[in-house]
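Tertiary structure, described
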Amino acid sequence: AQSVTQLDSQVPVFEEAPVELRCNYSSSVSVYLFWYVQYPNQGLQLLLKYLSGSTLVKGINGFEAEFNKSQTSFHLRKPSVHISDTAEYFCAVTRSNAGGTSYGKLTFGQGTILTVHP
Amino acid sequence: KAGVTQTPRYLIKTRGQQVTLSCSPISGHRSVSWYQQTPGQGLQFLFEYFSETQRNKGNFPGRFSGRQFSNSRSEMNVSTLELGDSALYLCASSFGQGGNEKLFFGSGTQLSVL
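Residues numbered from 1 in each chain as written. Chains lettered and ligands numbered in written order. Predicted model: local features only at pLDDT ≥ 70, side-chain atom pairs only at ≥ 80, totals over all residues. Heavy atoms only, no water.

Here's the deal with the pairing of strand β5 (residues 42-50) of chain B
All names here are of chain B. The buried count for β5 comes to eight of nine residues, which makes it a mostly enclosed element. Two elements, strand β4 (residues 31-38) and β5, share eight bridges in a ladder whose sense is antiparallel. Across the sheet, T38 pairs through a bridge with G42, a residue of β5. From the end of β4 to the start of β5, which pair antiparallel, there are three residues. Of the strand pairs in this sheet, β5 and strand β6 (residues 53-57) are connected by four bridges, and their pairing is antiparallel. Each bridged residue has a counterpart across the sheet, and for F47 the counterpart in β6 is K57. Hairpin connection from β5 to β6: two residues lie between these consecutive antiparallel strands, with S51 at a positive phi of about 50°. (Buried < 20%, exposed > 50% of the residue type's maximum accessible area, 1.4 Å probe, protein only. Helix = DSSP H or I, 4+ residues; strand = E, 2+ residues; numbered from the N terminus. Pairing = 2+ DSSP bridges.)

Here it is as structure tokens:
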């Protein structure tokens, strides 16, 4: 089984400051990693994903994440945040294909609420 | 291209009743997954359907069931509602070809059990 720990439940930051949202995962098998964002009263939207290859992954809205296998981490970063980035962010993991058992099944962290202040 | 559509948006039920939620996936997507989101438990996987067959299942009691129709639309049913079933229920669709796929989420159905 997989598990995901988001180390900060809330992160307040001022506009134009850099931000890092931390995510650690646990799995006995190889995994795919994702970051999703949820704006108020909306569903989740994919920011970026790590499948294989380069450990630095770039996503939408200026976000990027770095996969660190030795530390089992997948932290999300943005060099300069905007008010519009205020939302809840979820790190998620699924086992990389093994007989199809991963289809549609993501294990999510508890979420990090990012609040950007003017 | 229309996104994932969930109906109804809000629902209020009382304990002991049953409820059916509907999800229409993006055109061409054959996989529909359901998730329950609560403040205490976060996002938890319920089940996934592909081509009218349940392909994956989370750890929820048998009161939670679902089905998928030939047009890929899916319904989720909860019988004998309990207060703890109050949650936002999200469905997500994809082509269903592998775990590396992007899931497209609907806006959810907010269920309140009184």
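Examining the nonpolar core
In this structure, L33(A), W35(A), L47(A), L48(A), F74(A), L76(A) and Y89(A) are the most contacted members of the largest nonpolar core, which totals 28 residues. Sequence-distant contacts of L76(A), that is, excluding residues within four places in its chain, are made with V19(A), E20(A), L21(A), W35(A), L47(A), L48(A), F63(A), E64(A), A65(A) and Y89(A). Formed by 21 residues, the second largest nonpolar core is a distinct cluster that contains V4(B), Y49(B), M76(B) and L111(B). (Core = buried A, V, L, I, M, F, W, Y, C linked by side-chain atoms within 4.5 Å. Contact = heavy atoms within 4.5 Å.)

Points about the state of the cysteines
For the structure shown, the criterion picks out two disulfides over all chains. Sulfur-sulfur distance for the disulfide between C23(A) and C91(A) comes to 2.0 Å. Given an S-S torsion of about -65°, the disulfide between C23(A) and C91(A) has left-handed geometry. Here C91(A) lies in strand β10 (residues 87-95) and C23(A) lies in strand β4 (residues 23-26), a separation of 68 residues in the sequence. Each member of the pair C23(A) and C91(A) is classed as buried. Through a disulfide, C23(B) is tied to C91(B); the S-S separation comes to 1.8 Å. (Disulfide = S-S within 2.5 Å.)

Some thoughts on the packing of aromatic side chains
Under the counting rule described, the total for this entry stands at 13 aromatic pairs over all chains. Ring geometry for Y25(A) against F67(A): centres 6.3 Å apart, planes inclined by 25°, an arrangement best described as stacked. Here the residue Y25(A) occupies a position in strand β4, and F67(A) occupies one in strand β8 (residues 64-68), the gap between them amounting to 42 residues. Each member of the pair Y25(A) and F67(A) is classed as buried. Measuring from ring centre to ring centre gives 5.8 Å for Y35(B) and F105(B), while their planes differ by 50°; the resulting arrangement is tilted. Taken as a pair, Y35(B) in strand β4 and F105(B) in strand β10 (residues 104-105) lie far apart in primary sequence, 70 residues in all. On the accessibility criterion, Y35(B) (0% relative accessible area) is buried. Overall, the relative accessible area of 10% leaves F105(B) in the buried class. Taken together, the ring pairs connect F34(A), Y36(A), F90(A), F108(A), Y35(B), F45(B) and F105(B) into an aromatic cluster. The residue whose ring lies beneath R9(B) is Y10(B), and the NZ or CZ to ring-centre distance is 5.2 Å. Across the ring face of F50(B), the terminal group of R55(B) is positioned such that the distance to the ring centre comes to 4.1 Å. (Phe/Tyr/Trp six-rings, centres within 6.5 Å; stacked < 30°, edge-to-face > 60°. Lys NZ or Arg CZ within 6 Å of the ring centre and 35° of its normal.)

Here we look at the interface of chain B and chain A
In this assembly, 26 residues from chain B lie in contact with 22 residues from chain A. For the pair chain B and chain A, the summed buried area comes to about 1,900 Å², and 53% of that belongs to carbon and sulfur atoms. In terms of surface lost to chain A, no three residues of chain B exceed L43(B), G99(B) and N100(B), which account for 27% of the buried area on that side. Applying the counting rule to chain B against chain A returns zero salt bridges. Elements that contribute at least two residues to the side of chain B that touches chain A include exactly β4, β5, β6 and β9 (87-94) of chain B. If you tally residues by element for the side of chain B that touches chain A, the top one is β5(B), at four residues. Looking at the side of chain B that touches chain A residue by residue, the classes come out as seven nonpolar, 13 polar and six charged. (Buried area = accessible area lost by both parts, 1.4 Å probe. Salt bridge = Lys/Arg side-chain N within 4 Å of Asp/Glu carboxyl O. Nonpolar A, V, L, I, M, F, W, Y, C, P; charged D, E, K, R; others polar.)

This is a description of form; function is not addressed.
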